[in-house]
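Listed here are the chains, written in short residue letters.
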Amino acid sequence: TLYSHGGIKAWYRGVVPHLFQAGAGRGFYLSAYFIVKAAEDGKILKNTVPQRLRDNMSSSTVHGKIAAAACAGIAGWSFTYPFDVTRSNMMRDWRLEYHKTTFGCMRSLVQKGGIGQLYAGFGFTLVRSIPVACVALPSYDMSRRWMLRVLSDDVNRC
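All values derive from a computational prediction rather than experimental measurement.

Caption draft 1: Layout of helix α5 (residues 102–113). Between the first and last C-alpha of α5 there are 17 Å, a value that for twelve residues agrees with the 16 Å anticipated at 1.5 Å per step. Of the residues making up α5, those classed as buried are Thr102, Gly104, Cys105, Met106 and Leu109. On its buried face, α5 sits against α2 (15–40) and α4 (62–92). At the exit of α5 stands Gly114, carrying a positive phi of roughly 80°.

Caption draft 2: Local environment of the side chain of Thr102. Inspection of the secondary structure assignment puts Thr102 in helix α5. With residues up to four places along the chain from it excluded, the contact list for Thr102 reads Val16, Pro17, Thr86 and Met90.

Caption draft 3: Region of interest: the nonpolar core. Counting residues in each nonpolar core, the largest one holds nine residues, listed as Trp77, Tyr81, Val85, Met90, Cys105, Leu109, Leu118, Phe122 and Leu126. Of all the secondary structure elements, the ones that give two or more residues to this core are α4, α5 and α6 (122–157). Broken down by element, this core gets its largest block of residues, four residues, from α4. Here Met90 is in contact with Arg13, Gly14, Pro17, His99, Thr101, Thr102 and Cys105, once residues within four sequence places are set aside. Within the second largest apolar cluster, eight residues are counted, among which are Tyr29, Ala32, Ala69 and Ala72.

Criteria and cut-off values
Residues numbered from 1 in each chain as written. Predicted model: local features only at pLDDT ≥ 70, side-chain atom pairs only at ≥ 80, totals over all residues. Heavy atoms only, no water. Helix = DSSP H or I, 4+ residues; strand = E, 2+ residues; numbered from the N terminus. Expected span 1.5 Å × (residues − 1). Buried < 20%, exposed > 50% of the residue type's maximum accessible area, 1.4 Å probe, protein only. Contact = heavy atoms within 4.5 Å. Core = buried A, V, L, I, M, F, W, Y, C linked by side-chain atoms within 4.5 Å.

Have a look at this one:
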């Protein structure tokens, strides 16, 4: 059983890469979304998005939000995917035969298959993550704006 091979620590295998992915990864994901939206509006990186695209893809339009979300999904998973692969490998090695620590696991994966080993299966993750981001992030953004408007109306009434 899991407990007999590693004790209580075995129940927490892979928690370090998971916490990094969940914490820093989600922060990176949301930051990428808001940076791409600002670039679409010409607030930053003014010359990187042509004016005719900026007119059609403003972050105030649904299409602009969806485009920003797709970019954020790709950026977010590009940043955090090695930690997801590491976590999966650590959890698979529940008998502690190969991977003792997070960075030891990453090191052995890179030694075995190069840096590409940390991105094994990345294409399938992108196929899934782009539609998810295109629904989740614009929904979050619109809900956030609606709640701020409702709450500010309530504060003004008090």
